[in-house]
Amino acid sequence: MARVELVNLSKSFGEVKVLHDLNLTVEEGEFVALVGPSGCGKSTLLRIIAGLEDATSGEIVMDNEIVNDLNPRERNIAMVFQSYALYPHMTVEENIGFNLRISGVSKAEKRERARAAAETLGLTDLLDRKPSQLSGGQRQRVAMGRAIVRNPDAFLFDEPLSNLDAKLRAEMRDEIKHLHHKVKTTSIYVTHDQIEAMTLADRVVILKGGVIQQIGTPTELYRNPANSFVAGFIGSPAMNFVDATLETSGGQTTATLQDGTKLVVSVDYAALGRDVKLGLRPEHLELAANSATNAMPGSVRLVEPTGAVNHLKIKVAGQNLTVVDDTLADLALDAPVHLSIAPEYIHVFPKDE
Amino acid sequence: MADTTPDPDVTDIRSDAPRRIRRHSTRRRWVKTLTPWLFISPFIIIFCVFTAFPLMFSAYLSFQEWNPVAGLASMEYVGLDNYRLAMDDPWLWKSLYNTTWLALVSGIPQHLIAIPVAYLLVMAVRSGIRQVYTATFFVPFITSTVAISLIFYTIYSGNSGILNQWLVAISKWPVFSWFLGWVEEAMPIRWLNSSDLIKPSIAFVVIWKYTGFNIVIYSAGFLTVSKDLYDAAKVDGCNAWQQFWNIALPMIRPFAFFAITLTIIGNLQMFEEPYVLTEGNSGGVGQSGLTASYYLYLVGWEWLEMGAAAAISWVLFLFIAIVTAVHFYFNGKKGLGGDR
Ligand SMILES: Nc1ncnc2c1ncn2[C@@H]1O[C@H](COP(=O)(O)OP(=O)(O)OP(=O)(O)O)[C@@H](O)[C@H]1O
Ligand SMILES: [Mg+2]
C-alpha cells in the first residue's frame, strides 16, 4: 500500500501537451475516481503512474520516494487496461496467474489464488478458455482478475466495467467496493459512469483537457461545483444551463431570463457581473403554480417515463429544460406549465466559461 | 440481373405461354450453370496443362524405361524396376542423407538468427531505418542463386579465395593467434574439395541467402503483436527477456510455422547451391554435396534415364510429404493459430 503523489506533472506527445501541471495526492488506502470527457488524458495519466510512459516534467512520488526512474516492475502497481490487453495465447487461468508466475510464486499457490480471483469475478467456468472465446464483458472481468490476484501497492483501473451490462456492472461495483474495504489498497479508478465514481470513490478528480478542474468528495462536487464544466459533468440527467442577466438592488439579487422572467438567486453571486449562466439541476426543478417563488412559465415538449420518475423537457425562455418529475404528473404535449426552483439551488456561473 | 427485369415474352401471357416459360428457363439454367465454369476455365486449363498432366505423366513414366533423346517411341514398360533400382542405388541413400543433413544444418540457424534480429529490429529500431535494414537483408534472397553460388565458389577457392587469405591474416593477430595457430599449417584449406567441408560450406551459403527472407517474415510477425501486450507484461513484472520469451515468441508462432514449413520444403529440394559449388561434378568428392534433387538431375539429364528419374522424384516427394506431415502433426494446431 502506498501514498501516491503527483507534483507539477506534465506530459506532451511531441508538440501536443496532454497533461498540464497536475498536482494530486492520493492518500494511502484512498479510493480516487478520475472522470473527464474522452481524450482528456485519463489513460495517459494512469500509464505515467504505472511507469509505462515517461512524464515530460514533474514528479511521481510513492511513499515519499520519487519513482520517475523506476520501471513498472519496481513500482509494483497493478493495472486494468482500457483495452484489456489479455494475452491471446494463454488461458484465462494463465492470464490471471501470469504475474504470480513471473514473481516466482509456487504453482500450488498460484493456482489457488487465480481460482479465488476467478471465483470472485464469476469466471470459474471459463478458466480453460482462451480470450478469443470470451465475450467482451468476460474479457473485461479477466482483465480485472489479473489485477486483483496480485497484492500490489496501488491499483489503477482504466474503465474496468465499461463493457458490462447494467446488472453485472452493479454487482462488480459492489465487489470492487467490498474488495477495497477488505484490503484497503490505494486505488485510482477511471470511469465515464458518474454513478460508479460517486458510489465507489472517497474523492473524485475531474479532468478536462489535461487540467484538473476540481477535486473533492462526491457530495462536494455535486453541491459546490467549481465551474460550469464540473456542474454539467456531475449529476444525471445533466444540469440545465440558461443565459441570464444579474442585478442587485436592495440586498436582493435577481436574475432575468431572456423572456423577462425574474428569478431570485443567492446574493453571493453578485460579484460575478452582469451577464451570467444559471445552472438548474433537473431534480431541483418542480412543476408548480403560477404564484410560486421563482416560477417560470413554459410549455411541455416531451415526456419520457423512466418508471420511478418522468423526465420532462419543458420549453422555458426559448430553451428546453430537463426536469425530473417524481409526481408522475399526467401532462399533455404543449400544455402550459410553470416551473419553480428554490433560490439556494440556483448555481450561477460566469457567462464566458 | 436478368431475373429481375421482366421478360417481354413472358409477361405477355397467351395460350402458349406456359411452354415458352419452360423453354426459356431451361436455357437460362444452362447459362447459369456454365457461367461460373467459364470464369474459372483459365485456371483449370493452366492447372491441367502444367500441373495435373506432368504429375500423371511422371507417375506413368516411373513405370517405363525411356531415353528422352531417342523419342517417345523408345518408351518401354518395366513395371517396378525403376523403383527397385532406385532403392538399391547407394547414391540415392547418400543423397537423402546429405539432403537431411543440409536441411537441418542450413535450416535451423536461419531461424535462430532471424528471430532475435527481427525482434530487435521491431523493438529497437525506428520504422524508416528498420525498412532500410530489412531491405538490405532481403537482397540475397532476390539475387540469383547461381550468381551467389559462383561468388562463394571464388570466396572458397583454396589458393586465391578471400576466405583463406583472411584466415591467414587473422591468425596473425595477437589474441586470435592463440586458437588459430594451426591455420598456417593447414593452408590451403580446400573448402569445396574435401568431403568433410563441402556440406558445411554449402550450408553457409544457404544460411546467408535465406536468413534475410526469414527476418522479413518474423519482422511482420513481431509487428502484429500489439504494444498493449508488452505494457501488460511490464505491469505484470516482466523484464525484457521475459517479455520476449513469454509474450513475443508465443505470439509469432503462426509466422514461425509458416517460415519453418517453407524452409523444410525449400531445403529438401536444394539443388543450385550444391550443383554450382561442386562444379556439377556428381556432388563433389565422395558425393558429399549430392542432394536428392541433384541426384534426380543426374539420373534424368546426365544419364538420360527418365523413367528412373521419375521414380526417384516420387520417392523424394514421399520423403518431403512425410517430413512435412510430421511437422504439421506436431506444430500444426498451435502453428496455424488454431489455439487462439
Ligand atoms: N502515443 C500518443 N501519441 C500522441 N498522442 C497521444 C498518444 N496517446 C494519447 N495521445 C493523445 O493524448 C490525449 C489523451 O489521451 P488518453 O488516452 O489519455 O485519453 P482518455 O482520457 O483516456 O480518453 P478515453 O476516455 O477516450 O479513454 C488524446 O488527445 C490522445 O489523442
Ligand atoms: Mg482512456
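Small disclaimer: the values here were computed from a predicted structure and weren't measured.

Peer 1: Tell me about the site of ligand 1, residues and numbers included.
Peer 2: Residues and elements named next belong to chain A. Around ligand 1, the structure places Phe 13, Val 18, Ser 38, Gly 39, Cys 40, Gly 41, Lys 42, Ser 43, Thr 44, Gln 82, Glu 159 and His 192. In the model, an oxygen atom of ligand 1 is placed 3.0 Å from a nitrogen or oxygen of the Gly 41 main chain. Within the side chain of Lys 42, one N or O atom sits 2.8 Å away from an oxygen atom of ligand 1. Protein burial of ligand 1: of its 630 Å² of free accessible surface, 58% is covered by the chains.

Peer 1: I'd like a description of the pattern of salt bridges, backed by residues and values.
Peer 2: Scanning the entire structure with this criterion turns up 15 salt bridges over all chains. Across the salt bridge formed by Arg150(A) and Asp236(B), the nearest N and O atoms sit 4.0 Å from each other. Residue Arg150(A) is located in the loop between α5 (136–148) and β7 (154–158), and its partner Asp236(B) is located in the loop between α11 (227–235) and α12 (240–251); the two belong to separate chains. Taken as a pair, Arg150(A) and Asp236(B) share a single burial class, namely buried.

Peer 1: Before we move on, could you go through the packing of aromatic side chains and cite the residues and values that matter?
Peer 2: Where two aromatic rings form a pair, the distance of their centres and the angle of their planes describe that pair. Residues and elements named next belong to chain B. Under the counting rule described, the total for this entry stands at 35 aromatic pairs over all chains. Centre to centre, the rings of Phe 63 and Tyr 83 are 5.7 Å apart; their planes meet at 45°, and the pair counts as tilted. Of this pair, Phe 63 sits in the loop between α2 (17–61) and β1 (64–65) while Tyr 83 is found in helix α3 (residues 81–88), placing the two residues 20 residues apart along the sequence. Judged by its relative accessible area of 29%, Phe 63 falls in the partly exposed class.

Peer 1: Any chance you could break down the domain arrangement of chain B for me, citing the residues and the numbers?
Peer 2: All names here are of chain B. Here the domain parsing of chain B yields domain 1 (12–61) and domain 2 (87–156 + 191–335). A separation of 43 Å is found between the C-alpha centroids of domain 1 and domain 2. Summed over both sides, the interface of domain 1 with domain 2 buries roughly 320 Å², with 70% coming from carbon and sulfur. Summed over the shared surface of domain 1 and domain 2, the result is zero salt bridges. Across the domain 1-domain 2 interface, the total number found is one residue pair in polar contact (both at pLDDT 80 or more). Tallied by class, residues from the side of domain 1 that touches domain 2 come to three nonpolar, one polar and no charged.

Peer 1: Tell me about α12(B), and please be specific about residues and values.
Peer 2: Because an α-helix completes one turn every 3.6 residues, residues spaced three or four positions apart along the sequence face the same direction. With twelve residues, α12(B) extends 15 Å between its outermost C-alpha atoms, agreeing within 8% with the 16 Å of an ideal straight helix rising 1.5 Å per residue. The set of residues buried in α12(B) consists of Gln242(B), Gln243(B), Phe244(B), Asn246(B), Ile247(B), Ala248(B), Pro250(B) and Met251(B).

Peer 1: How would you sum up the nonpolar core? Please name residues and give values.
Peer 2: Core analysis: the biggest nonpolar cluster contains 60 residues, and Tyr218(B), Phe222(B) and Ile247(B) have the highest contact counts within it. Tallying contributions element by element places helix α4 (residues 90–124) of chain B first for this core, with six residues. Here Phe222(B) is in contact with Ile115(B), Ala118(B), Tyr119(B), Val122(B), Phe244(B), Ala248(B) and Ile252(B), once residues within four sequence places are set aside. In terms of nonpolar packing, the next biggest core, distinct from the first, is built from 42 residues, Ala78(A), Leu126(A), Phe157(A) and Leu161(A) among them.

Peer 1: Now, about the domain arrangement of chain A: what can you tell me, with residues and values included?
Peer 2: Residues and elements named next belong to chain A. Taken domain by domain, chain A comprises domain 1 (4–232) and domain 2 (237–350). Computed over C-alpha atoms only, the centres of domain 1 and domain 2 are separated by 38 Å. On the domain 2 side, the residues contacting the eight residues of domain 1 number nine residues. Between domain 1 and domain 2 lies a buried interface of about 630 Å² when both sides are counted; carbon and sulfur atoms form 56% of it. Looking at the side of domain 1 facing domain 2, the largest losses of area belong to Tyr 222, Ser 228 and Ala 231, adding up to 69% of the total buried there. One can count zero salt bridges joining domain 1 with domain 2. Here domain 1 is connected to domain 2 by three residue pairs in polar contact (both at pLDDT 80 or more). Of all the secondary-structure elements, those providing two or more residues to the side of domain 1 that touches domain 2 are α8 (218–223) and α9 (228–233). When the residues that make up the side of domain 1 that touches domain 2 are grouped by side-chain class, the tally is four nonpolar, three polar and one charged.

Peer 1: If you had to explain the UniProt feature "domain: ABC transporter" (unreviewed entry) in chain A to someone new, which residues and values would you point to?
Peer 2: UniProt records the feature "domain: ABC transporter" (unreviewed entry) at residues 4–234 of chain A, using the numbering of this structure. The annotated region residues 4–234 of chain A carries 38% helix and 26% strand content, and the separation between its end C-alpha atoms amounts to 25 Å.

About the criteria used
Residues numbered from 1 in each chain as written. Chains lettered and ligands numbered in written order. Predicted model: local features only at pLDDT ≥ 70, side-chain atom pairs only at ≥ 80, totals over all residues. Heavy atoms only, no water. Near = heavy atom within 4 Å. Polar contact = N/O pair within 3.5 Å; in protein donor to acceptor, adjacent residues only side chain to side chain. Areas by Shrake-Rupley, 256 points an atom, 1.4 Å probe, with all protein chains shown as cover. Salt bridge = Lys/Arg side-chain N within 4 Å of Asp/Glu carboxyl O. Helix = DSSP H or I, 4+ residues; strand = E, 2+ residues; numbered from the N terminus. Buried < 20%, exposed > 50% of the residue type's maximum accessible area, 1.4 Å probe, protein only. Phe/Tyr/Trp six-rings, centres within 6.5 Å; stacked < 30°, edge-to-face > 60°. Domains from an automatic or database assignment. Buried area = accessible area lost by both parts, 1.4 Å probe. Nonpolar A, V, L, I, M, F, W, Y, C, P; charged D, E, K, R; others polar. Expected span 1.5 Å × (residues − 1). Core = buried A, V, L, I, M, F, W, Y, C linked by side-chain atoms within 4.5 Å. Contact = heavy atoms within 4.5 Å. UniProt positions renumbered as here; feature names shortened; annotations may be inferred.

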